[in-house]
Amino acid sequence: AQSVSQHNHHVILSEAASLELGCNYSYGGTVNLFWYVQYPGQHLQLLLKYFSGDPLVKGIKGFEAEFIKSKFSFNLRKPSVQWSDTAEYFCAVNARVGYQKVTFGTGTKLQVIP
Amino acid sequence: GAGVSQSPSNKVTEKGKDVELRCDPISGHTALYWYRQSLGQGLEFLIYFQGNSAPDKSGLPSDRFSAERTGGSVSTLTIQRTQQEDSAVYLCASSIVAGENNEQFFGPGTRLTVL
């Protein structure tokens, strides 16, 4: 069975600080990886995804994530956060074998202080 | 519609009552998913539909929970004899197909409170 670990439950940063949110997954086979974001009062929405190819994936709003297969990691990064990045971020994984359910991490709440 | 819609947005019920939660997926999306989000928890998978059939019901927490989908579109999640631990936000998502490239689009959720 697959699982996802997000080690940071609550992160507080000042504007312009750099961000890195950790995500590790457990699964022996080929996977799809996702980061979803939930802004206050809004739906969950896809931030970026990795299916195959270049392990460095760029998403919306300046976010990027790097898939490191040897470390089973898919950390989310942004060089300079803004107050509007305040949200909850979820890492997710599913096995790439036909249909496999998507497993989500417990989420990281990011608070950016102006 | 433009996105996934869910109703009601909020539901308060008494312990022991039955509730029905509705999800309207994006038109043309064949796959539909139900999740539960409890305070401080991640998203807990409940059930997945491909068309009207549910190949994966592995996440339903008990036999009090059931779901159906009709016409390959609207889905209803039913919780019978609700308990306080059922209180959570129930999220629905849909995707064009289920499979390798299954980007899911989420609805706003139904916040269920069981008193």
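What comes next is a walk through the structure. (Residues numbered from 1 in each chain as written. Chains lettered and ligands numbered in written order. Predicted model: local features only at pLDDT ≥ 70, side-chain atom pairs only at ≥ 80, totals over all residues. Heavy atoms only, no water.)

Side note on the overall build of chain A
If you tally the helices and strands in chain A, you get zero helices and twelve strands. Taken from the N to the C terminus, the helices and strands of chain A come in the order β-β-β-β-β-β-β-β-β-β-β-β. Relative to the compact-globule value of 13 Å for 114 residues, chain A shows a C-alpha radius of gyration of 14 Å, a close match. For chain A, the C-alpha atoms occupy an extent of roughly 45 × 25 × 20 Å along the three principal directions. Every one of the 114 residues in chain A was classed for burial, and the buried ones make up 47%. Within chain A, contacts between residues separated by at least 24 positions form 56% of all contacts whose residues are at least 6 apart in sequence. For chain A, the accessible surface area stands at approximately 5,400 Å², while carbon and sulfur atoms represent 53% of it. Across chain A, the centroid of the 10 positively charged side chains sits 8 Å from that of the 7 negatively charged ones. (Helix = DSSP H or I, 4+ residues; strand = E, 2+ residues; numbered from the N terminus. Rg over C-alpha atoms; globule rule 2.2 N^0.38 Å. Buried < 20%, exposed > 50% of the residue type's maximum accessible area, 1.4 Å probe, protein only. Contact = heavy atoms within 4.5 Å. Areas by Shrake-Rupley, 256 points an atom, 1.4 Å probe, with all protein chains shown as cover. Lys, Arg positive; Asp, Glu negative; His and termini not counted. Charge placed at Lys NZ, Arg CZ, Asp CG, Glu CD.)

Topic: the environment of S75(B)
Residue and element names in this part refer to chain B. Examined against the element boundaries, S75 turns out to sit in strand β8 (residues 75-79). For S75, a relative accessible area of 0% corresponds to the buried category. With 23 residues separating them along the chain, S75 and N52 place their C-alpha atoms 8.8 Å apart. Ignoring sequence-local partners within four residues, the contact set of S75 consists of L21, R22, C23, L32, W34, F49, E68 and R69. Only 3.0 Å separates the side chain of S75 from the backbone oxygen of E68, close enough to count as a polar contact. (Polar contact = N/O pair within 3.5 Å; in protein donor to acceptor, adjacent residues only side chain to side chain.)

Side note on the side chain of T78(B)
Here T78(B) lies in strand β8. Among all residues touching T78(B), those that are not within four sequence positions of it are V19(B), E20(B), R64(B), F65(B) and S66(B).

Considerations on the pattern of salt bridges
Taken as a whole and assessed by the stated rule, the structure comprises nine salt bridges over all chains. Across the pair E103(B) and K49(A) runs a salt bridge whose closest N-O atoms are separated by 3.1 Å. Here E103(B), found in the loop between β9 (88-95) and β10 (105-106), pairs with K49(A), found in strand β6 (residues 44-50), and the two come from separate chains. When the shortest N-O distance is used, the salt bridge between D86(B) and R64(B) registers 2.8 Å. Placement of the pair is D86(B) in the loop between β8 and β9 and R64(B) in the loop between β6 (53-56) and β7 (65-69), with a sequence separation of 22 residues. (Salt bridge = Lys/Arg side-chain N within 4 Å of Asp/Glu carboxyl O.)

Describing the interface of chain A and chain B
Between chain A and chain B, the residue contacts involve 21 residues of the former and 22 residues of the latter. At the boundary of chain A with chain B, total buried surface from both sides reaches about 1,700 Å², with 57% on carbon and sulfur atoms. Connecting chain A to chain B are one salt bridge. Along the contact surface separating chain A from chain B lie three residue pairs in polar contact (both at pLDDT 80 or more). Secondary-structure elements contributing two or more residues to the side of chain A that touches chain B are β5 (31-38), β6 and β10 (87-95) of chain A. With four residues, β5(A) is the largest single contributor of residues to the side of chain A that touches chain B. (Buried area = accessible area lost by both parts, 1.4 Å probe.)

Comments concerning the packing of aromatic side chains
Under the counting rule described, the total for this entry stands at 14 aromatic pairs over all chains. For the pair Y50(A) and F67(A), a centre-to-centre distance of 4.8 Å together with 40° between the ring planes defines the contact as tilted. Residue Y50(A) is found in strand β6, and its partner F67(A) is found in strand β8 (residues 64-68); the two are separated by 17 residues along the sequence. Taken individually, Y50(A) and F67(A) each receive the classification buried, so the pair is uniform in this respect. Measuring from centroid to centroid gives 6.5 Å for Y33(B) and Y35(B), while their planes differ by 25°, and the two rings are stacked. Residue classification places Y33(B) among the buried positions, given a relative accessible area of 1%. With relative accessibility at 0%, the residue Y35(B) sits in the buried group. (Phe/Tyr/Trp six-rings, centres within 6.5 Å; stacked < 30°, edge-to-face > 60°.)

Describing the pairing of strand β9 (residues 73-78) of chain A
Moving residue by residue along a regular strand, the side chains alternate between the two faces of the sheet. All names here are of chain A. The element β9 is largely enclosed, with a buried count of five among its six residues. By the bridge criterion, three bridges tie strand β3 (residues 19-21) to β9 in an arrangement that is antiparallel. Paired with L19 across the two strands is K78, which belongs to β9. Pairing analysis gives five bridges linking β8 to β9, with the strands arranged antiparallel. Within β9, the position partnered with E64 by the bridge is R77. If you look at the hairpin formed by β8 and β9, you'll find four residues sitting between the two strands, and F72 has a positive phi there, around 50°. (Pairing = 2+ DSSP bridges.)

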